[in-house]
Amino acid sequence: GAGVSQSPSNKVTEKGKDVELRCDPISGHTALYWYRQSLGQGLEFLIYFQGNSAPDKSGLPSDRFSAERTGGSVSTLTIQRTQQEDSAVYLCASSLNPGNYGYTFGSGTRLTVV
Amino acid sequence: ILNVEQSPQSLHVQEGDSTNFTCSFPSSNFYALHWYRWETAKSPEALFVMTLNGDEKKKGRISATLNTKEGYSYLYIKGSQPEDSATYLCASRNRDDKIIFGKGTRLHILP
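Attention here is on the structure that accompanies the text. (Residues numbered from 1 in each chain as written. Chains lettered and ligands numbered in written order. Predicted model: local features only at pLDDT ≥ 70, side-chain atom pairs only at ≥ 80, totals over all residues. Heavy atoms only, no water.)

## Thoughts on the overall build of chain B
When you go through chain B residue by residue, the secondary structure sums to zero helices and 11 strands. Put simply, chain B runs from its N terminus to its C terminus through helices and strands in the order β-β-β-β-β-β-β-β-β-β-β. For chain B, the C-alpha radius of gyration of 13 Å lies close to 13 Å, the compact-globule estimate for 111 residues. By principal-axis analysis of the C-alpha atoms, chain B measures approximately 45 × 30 × 20 Å. In chain B, buried positions account for 50% of the 111 residues. Put simply, chain B shows about 5,600 Å² of open surface, and 46% of that area lies on carbon and sulfur atoms. Between the averaged position of the 13 positive side-chain charges in chain B and that of its 12 negative side-chain charges there is a distance of 3 Å. (Helix = DSSP H or I, 4+ residues; strand = E, 2+ residues; numbered from the N terminus. Rg over C-alpha atoms; globule rule 2.2 N^0.38 Å. Buried < 20%, exposed > 50% of the residue type's maximum accessible area, 1.4 Å probe, protein only. Areas by Shrake-Rupley, 256 points an atom, 1.4 Å probe, with all protein chains shown as cover. Lys, Arg positive; Asp, Glu negative; His and termini not counted. Charge placed at Lys NZ, Arg CZ, Asp CG, Glu CD.)

Printed below as a string of C-alpha cells:
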C-alpha cells in the first residue's frame, strides 16, 4: 500500500489477556518505530528497528511488551497480561531515510484495557 | 535539556492572527529536528525535517527555524485559518537514531 497500515484500528481487551498489534510499513522502508500515546501524554518511544540491526528496545516499559519484525517488513507488537495502564494509542512509523524524509505514521491502534 | 519540551502546551489564536511556538531539545549529539502536524483521529503528518544550524523551512503559511547550538526550534503560522487547528509535535533525533517527541502544542483557531 501507499502508507503505513496498522491493525486493528481499535481493540478492547480484558485485563490479563494478551494482545497483538500489527504494523505494515511502506515497502522498502528500513526504519520502523513503535510509539504510544497515553491520555494526556506525549508520544512515548517503545522500540526501533533498523534493517538487520538488533532492535533498540530501550523504550519498552516492561517485560510484558515485546516486538518483532519479520523479513524486515511487517512488525508485531505483543503485550502480555494487559493492564489498564496499557490503554493508549499505539502508533507505528516507518522511514526510508529519516534524516531526509522524516517518518510516515500509521493511523494507530487504540487499545482499551477494561 | 534531556527531553524535548514544547511550549505552550495549548494555544488559542484568533483566525487571521499569526502565532508561533517553541521546541527545545538536547543540543548534544543532535542529528535532526522534525515537526509534525497531528489532527484528531488522523496520524501525524510530517511538516519539516531540519538538520543544520540556521535552517529555515517554509510550507505555505507555516515556517520553522532551527538553532542547534542552543537547542531550540520555532514554528510559525502566518494568518491562522481554522484548518490549522491541530497538535503540532516536534521530535529530536540524535546520532544514535534515538528519537524523542515532545508532548506537542495544541493549537485552537477561534473563528
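## Considering unusual backbone geometry
Outside of glycine, negative phi angles account for most residues, and trans bonds account for most peptide bonds. In this chain, Ser7 of chain A is followed by Pro8 of chain A through a cis amide linkage whose omega measures -10 degrees. Here Pro8 of chain A shows up in the loop between strand 1 (5-7) and strand 2 (10-13). Cis geometry is adopted by the peptide bond preceding Pro8 of chain B, which originates at Ser7 of chain B and carries an omega value of -5 degrees. Among the secondary structure elements, Pro8 of chain B is positioned in the loop between strand 1 (5-7) and strand 2 (10-14). We note that Arg81 of chain A has phi near 45 degrees; this positive angle belongs to a residue other than glycine. In this fold, Arg81 of chain A is placed in the loop between strand 7 (75-79) and strand 8 (88-95).

## Regarding the interface of chain B and chain A
Interface size, as often reported, equals the accessible area lost upon joining of the parts. In this assembly, 17 residues from chain B lie in contact with 20 residues from chain A. Each partner contributes to the roughly 1,600 Å² buried at the junction of chain B and chain A, and carbon and sulfur atoms together form 60% of this total. On the chain B side of the contact with chain A, Trp38, Ile99 and Phe101 of chain B bury the most area, a combined 31% of that side's loss. There are zero salt bridges connecting chain B and chain A. The tally of links from chain B across to chain A stands at one residue pair in polar contact (both at pLDDT 80 or more). (Contact = heavy atoms within 4.5 Å. Buried area = accessible area lost by both parts, 1.4 Å probe. Salt bridge = Lys/Arg side-chain N within 4 Å of Asp/Glu carboxyl O. Polar contact = N/O pair within 3.5 Å; in protein donor to acceptor, adjacent residues only side chain to side chain.)

## Considering the sheet that holds strand 8 (residues 72-77) of chain B
For sheets, the rule is that strands pair by backbone hydrogen bonds, running either parallel or antiparallel. Residue and element names in this part refer to chain B. The antiparallel open sheet is built from five strands, whose spatial order is 1-3-8-7-6. Edge positions in the open sheet fall to strand 1 and strand 6 (56-59), since each of these has one partner strand only. The average undirected angle you get between the axes of adjacent strands in this sheet is 15 degrees. Inspection of the sheet shows strand 3 (residues 19-24) paired to strand 8 by six bridges, in the antiparallel sense. Each bridged residue has a counterpart across the sheet, and for Thr22 the counterpart in strand 8 is Tyr74. (Pairing = 2+ DSSP bridges. Axes fitted to C-alpha atoms, helices over the stretch in contact; angles between N-to-C directions.)

## Notes on the environment of Ile109 of chain B
Residues and elements named next belong to chain B. Counting through the fold element by element, Ile109 comes out in strand 11 (residues 105-110). Linking Ile109 and Ala86, residues 23 residues apart in sequence, is a C-alpha distance of 8.9 Å. If we skip the residues at most four places from it in the chain, Ile109 touches Val13, Gln14, Glu15, Ser80, Gln81, Pro82, Asp84 and Ser85.

## Examining the pairing of strand 5 (residues 45-50) of chain B
Pairing geometry for strand 4 (residues 30-38) of chain B and strand 5 of chain B, over five bridges, is antiparallel. Across the sheet, residue Tyr36 of chain B finds its bridge partner in strand 5 of chain B, namely Ala46 of chain B.

The values are spatial; any link to function lies outside them.
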